[in-house]
Amino acid sequence: MTIGIIFWTGTGNTRDMAELIEQGAAAKGAKAELIEAADFTPDAIASYEAFAFGCPACGSEELNQDTFQPMWDAVEPTLAESGKPTVLFGSWGWGGGDYLDEWADQAKDAGVNVVATFSCEGDPDDEASAELVELGEKLVS
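Conventions we followed
Residues numbered from 1 in each chain as written. Predicted model: local features only at pLDDT ≥ 70, side-chain atom pairs only at ≥ 80, totals over all residues. Heavy atoms only, no water. Buried < 20%, exposed > 50% of the residue type's maximum accessible area, 1.4 Å probe, protein only. Helix = DSSP H or I, 4+ residues; strand = E, 2+ residues; numbered from the N terminus. Pairing = 2+ DSSP bridges. Right-handed = clockwise from strand over helix to strand, strands pointing away. Axes fitted to C-alpha atoms, helices over the stretch in contact; angles between N-to-C directions. Contact = heavy atoms within 4.5 Å. Core = buried A, V, L, I, M, F, W, Y, C linked by side-chain atoms within 4.5 Å. Salt bridge = Lys/Arg side-chain N within 4 Å of Asp/Glu carboxyl O.

Engineer: Can you lay out the pairing of strand 1 (residues 2-7) for me, pointing to particular residues and giving the numbers?
Structural biologist: Burial analysis of strand 1 places 6 of its 6 residues in the buried class, the great majority of the element. Burial along strand 1 is two-sided: the residues Thr2, Gly4 and Ile6 and Ile3, Ile5 and Phe7 are all buried. As judged from the 6 bridges shared by strand 1 and strand 2 (residues 31-36), these two strands associate in the parallel manner. By the bridge assignment for strand 2, Phe7 is matched with Glu36. Taken together, strand 1, helix 1 (residues 13-27) and strand 2 constitute a β-α-β crossover, and its handedness is right-handed.

Put into structure tokens, the structure is as follows:
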């Protein structure tokens, strides 16, 4: 099984989160590939059995508008059509992470098979790190 972990990071927190999900997937025997958002296109969806998409809260509690949002808008229809399990994740520094709930609701409304979401304030602490590893494991099961 191959999992695509697609992310955008501003300070490194979301990359850290992506690496923890990768660890969990690898622990269950899956191959996980970390992919920067700018390098992911809709046709790549066929190459993976599951996904984790990560973006921190930016601006006024929204996805990164320069790189991540355009990529997401391009891949969302194909991802929804695929029905493949998808996790959404990210970090925030203000606002409590409400952007992730809104993103998940919009993705589900579009037909994306969102199986889990996860957010934390700033860099993941020990508890958040353990939960992210578990997310990677769950994507494999």
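From this point, the discussion proceeds with the structure in view.
Engineer: Give a detailed account of the sheet that holds strand 4 (residues 86-92), specifying residues and quantitative values.
Structural biologist: Read from one edge of the open sheet, 5 strands run 2-1-3-4-5, paired in parallel fashion. Lying at the two open borders of the sheet, with one neighbouring strand each, are strand 2 and strand 5 (114-121). Strand-to-strand twist across the sheet, computed as the mean angle between neighbouring axes with direction ignored, equals 15 degrees. Across 5 bridges, the pairing between strand 1 and strand 3 (residues 50-54) is parallel. By the bridge assignment for strand 3, Phe7 is matched with Gly54. The strands touched by helix 1 are strand 1, strand 2, strand 3, strand 4 and strand 5; relative to strand 4, the strand with the most contacts, the crossing angle is about 145 degrees.

Engineer: I'd like a description of the nonpolar core, backed by residues and values.
Structural biologist: Across soluble globular proteins, nonpolar side chains show a tendency to be buried alongside one another. Within the largest apolar cluster, 27 residues are counted, with the highest numbers of intra-cluster contacts made by Phe40, Phe53, Phe68, Trp72 and Leu88. Mapped onto this core, the elements with two or more residues apiece are strand 3, helix 2 (68-82), strand 4 and helix 3 (98-109). Per-element tally for this core: the top contributor is helix 2, with 6 residues.

Engineer: I'd like a description of the pattern of salt bridges, backed by residues and values.
Structural biologist: Evaluated as defined, the whole model comprises 3 salt bridges. For the salt bridge of Glu19 with Arg15, the shortest nitrogen-to-oxygen distance reads 3.8 Å. Separated by 4 residues within a single helix, Glu19 and Arg15 lie in helix 1, roughly one turn from each other. Using a relative accessible area of 29% as the deciding quantity, one classes Glu19 as partly exposed. We classify Arg15 as partly exposed; its relative accessible area is 29%. For Glu36, the salt bridge is made with Arg15, and the minimal N-O distance between the two is 2.9 Å. Taken together, the residues span a long stretch of sequence, with Glu36 in strand 2 and Arg15 in helix 1 at a distance of 21 residues. With relative accessibility at 41%, the residue Glu36 sits in the partly exposed group. Through salt bridges with shared partners, a single ionic network connects Arg15, Glu19 and Glu36.

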